[in-house]
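Breakdown of the fold
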Amino acid sequence: WFSAEREAMSYDVVIVGAGPAGLAAAIRLKQLCRAADTDLSVCVLEKGAEVGAHVLSGNVFEPRALDELIPKWRQEDAPIRVPVSSDKFWMLTKNKAWTLPSPFDNKGNYVISLSQLVRWMSVKAEELGVEVYPGFAASEILYDENQIVAGVATNDVGIAKDGSKRETFQPGVELRGRITLLAEGCRGSLSENIITNHKLRESGQGQHQTYALGIKEVWEIEEGKHKPGSVVHTVGWPLDMKTYGGSFLYHLDDRQLAIGLVVALNYRNPFLSPYDEFQKFKQHPAIRTLLEGGTVLQYGARTLNEGGFQSIPNPVFPGGAIIGCSAGFLNVPKIKGSHTAMKSGMLAAEATFKALVEGSSMDLYWENLKKSWIWDELYRARNYRPAFEYGFIPGMALSAVER
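Under the annotation held in an unreviewed UniProt entry, the chain carries the name Electron transfer flavoprotein-ubiquinone oxidoreductase and is attributed to Aegilops tauschii subsp. strangulata. What UniProt states about the chain under its Catalytic activity (unreviewed entry) heading is, verbatim, "a ubiquinone + reduced [electron-transfer flavoprotein] = a ubiquinol + oxidized [electron-transfer flavoprotein] + H(+)". Its UniProt record gives the chain the following Function (unreviewed entry) comment, quoted word for word: "Accepts electrons from ETF and reduces ubiquinone."

Shown next, in the form of structure tokens:
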């Protein structure tokens, strides 16, 4: 509900999250406004201190959605400069690395920093007239008298441990929108509340979401070991045969290497620590020689959606929609979700524009999503992750048959 104590700002569209999905939606909305010679006010709220601060990803980037959103991005100094030059797939034992045929097809893809990409997208959005507010976390969904979502509110600050208001107390700010798009990323708190309260999982594909934990470091390595565009994925050690997961090594520019380990959170060993497994992984002879003499520049971790096609909720609720990883569009066998997140944001933007300008329903987003290449891509990959429930070797065999 609205509060008389809080300052309120009104927009046509409020977007929560300045990641690939949220910014793609904002850009697409403003592009449609220009094409129709009309205007909609668009606000993007970002919890990080700056855009990109909370974006963490591998990232081998598939530019399919960006080609649709900004066709001339190659001429606009986008931070996408390192094409994939080699693509290897290793099976690790404790002391050996066996090369297997690669199940990935990264031809035409790029090794990038996703945080740099969303910073660039933020500039493009602001050039079109989008208002981007970093440093503000949305903590509450606002409803009108008809229980339709009418925006979000930020946190109150200056609250003591006992809940009393300190002298420094400042109430949060209400950002009211005719349409609210939630692009919080994997397991966003507001998105999860909306999914539960409006039973969106049940009216979608129906299955619960599953998750993995990804741990990543960015290293600066020695010049002689650096191969820009080189991509390596591994399976096997240090994980056991009943634990789904794997690692990645991506060579960026400027002698930088992104290295990480992803572990599915349904592991059966209660003593398993993904962080400790990552430390073991870096001691493997094939990995240690690459890192020796290098320096860690950054590190972090994040969760990933792994439910895939079966876990997609109905993303439309009264007053808005859920986009990107908040809805769960990660393609598990590709280990990619940025392109699908961006496309979902674009589809939601198109439905939002029609709803506000032409009076149509936001259900158009759900309908167009099912007709898009996102749906086709995730449908074809639907059995990859479930196959590994039978164990590592049967899972590899079944996923190979699926491909």
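Once you've had a look at it, read on.
The next thing to look at is the sheet that holds strand β13 (residues 211–220). The strand order across the open sheet formed by 7 strands is β5-β4-β14-β15-β16-β13-β17, and the pairing between neighbours is mixed. The open sheet terminates on both sides in strands that have one partner only, identified here as β5 (97–100) and β17 (295–305). Direction aside, the axes of adjacent strands within the sheet are offset by 20° on average. Pairing of strand β15 (residues 245–251) with strand β16 (residues 256–264) involves 7 bridges; the strand directions are antiparallel. Considered in β16, the bridge of L249 is made with I259. Sitting on the sheet, helix α5 (residues 274–282) is in contact with β4 (86–92), β13, β14 (230–236), β15 and β16, with an inclination near 135° to β16.

The positions that UniProt labels "domain: ETF-QO/FixC ubiquinone-binding" (unreviewed entry) are, in the present scheme, residues 211–304. Secondary structure over residues 211–304 splits into 17% helix and 46% strand, and the C-alpha atoms at its two ends are 5 Å apart.

Take helix α7 (residues 338–357) next. Spanning 20 residues, α7 covers 28 Å between terminal C-alpha atoms, matching the ideal 28 Å at 1.5 Å per step. Once α7 ends, the next one or two residues include G359, with phi positive near 80°.

What counts, and where the lines are drawn
Residues numbered from 1 in each chain as written. Predicted model: local features only at pLDDT ≥ 70, side-chain atom pairs only at ≥ 80, totals over all residues. Heavy atoms only, no water. UniProt positions renumbered as here; feature names shortened; annotations may be inferred. Pairing = 2+ DSSP bridges. Helix = DSSP H or I, 4+ residues; strand = E, 2+ residues; numbered from the N terminus. Axes fitted to C-alpha atoms, helices over the stretch in contact; angles between N-to-C directions. Contact = heavy atoms within 4.5 Å. Expected span 1.5 Å × (residues − 1).

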